[in-house]
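Take a look at the letters that make up each chain.
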Amino acid sequence: MKIMQILIAGPVRSGTDDRPELIDANLKRMQQAALEVWQKGHVPVIGEWLALPLAQAAGSTRIGDEISEAYLYPVAHRLIGRCDAILRLDGASRGADNDVRIGQSLGLTIYISLDQLPQSGVQQ
């Protein structure tokens with residue numbers, strides 16, 4: 001199995017009422033999934049890893065403000081085109097559902113469980 005670049009898609013702001021501690025918990029959950037993707041020998045990416053620093057440089061002061069919204073989804077959508085697959089974490093999220101729709105339209109493999117991910121054969 002080749003090494004894949006896999007986008008982690010899941011809830012970030014959904015269901016949080018924009019409470020920073022809940023958003024942070026969602027991001028940590030995505031980072032934990034990214035670690036497990038890495039341990040299977042693949043390259044994990046989370047759109048927020050790229051979008052949040054860009055939004056901050058553009059003047060965003062918190063996730064969900066108007067400036068961050070101008071970056072979060074567009075960055076993810078550009079990134080999807082550079083990925084081989086998407087890992088969709090459970091939980092309600094229109095953004096993650098849209099990522100999956102875009103990925104499917106590009107022919108990407110969509111995983112809904114870490115157990116579905118194949119081992120790449122590459123050691124850490």
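Shown above is the structure to which this text applies.
We now turn to the structure provided with this report. Here the structure is a predicted model, which is why all the values come from computation and not from measurement.

Conventions we followed
- Residues numbered from 1 in each chain as written.
- Predicted model: local features only at pLDDT ≥ 70, side-chain atom pairs only at ≥ 80, totals over all residues.
- Heavy atoms only, no water.
- Buried < 20%, exposed > 50% of the residue type's maximum accessible area, 1.4 Å probe, protein only.
- Helix = DSSP H or I, 4+ residues; strand = E, 2+ residues; numbered from the N terminus.
- Pairing = 2+ DSSP bridges.
- Axes fitted to C-alpha atoms, helices over the stretch in contact; angles between N-to-C directions.
- Parallel < 35°, antiparallel > 145°, perpendicular 65-115°, else oblique.
- Contact = heavy atoms within 4.5 Å.
- Nonpolar A, V, L, I, M, F, W, Y, C, P; charged D, E, K, R; others polar.
- Expected span 1.5 Å × (residues − 1).
- Arc of directions from axis to C-beta.

Neither face of strand β3 (residues 85-88) is left uncovered, since the one carrying A85 and L87 and the one carrying I86 and R88 both have all their residues buried. Where strand β1 (residues 5-9) lies against β3, four bridges are found, and the strand directions are parallel. The partner of A9 across the bridge, within β3, is R88. Of the pairings in the sheet, the one linking β3 to strand β4 (residues 109-111) comprises three bridges and is parallel in character. Considered in β4, the bridge of A85 is made with T109.

So, about the packing of helix α1 (residues 20-39) against helix α2 (residues 47-57). Packed helix pairs are specified by the crossing angle of their axes together with the interaxial distance, meaning the distance between the axes. Two numbers describe how α1 lies on α2: the axes approach to 11 Å, and their chain directions differ by 135°. Between α1 and α2, the angle is such that the two are oblique. Along the contact surface, α1 presents L27, M30, Q31 and A34, while α2 presents E48, W49 and L52. Looking at side-chain class alone, the contact of α1 with α2 contains five nonpolar, one polar and one charged residues.

Under the 1.5 Å per step criterion, the end-to-end length of helix α3 (residues 66-80) is 22 Å for 15 residues, consistent within 8% with the ideal 21 Å. Looking only at α3, the buried set comprises S68, L72, V75, A76, L79 and I80. Down the axis of α3, the buried set is contained in an arc of 130°. They therefore lie on one face. Counted as exposed and oriented over 90 degrees from the buried face of α3: E66 and R78.

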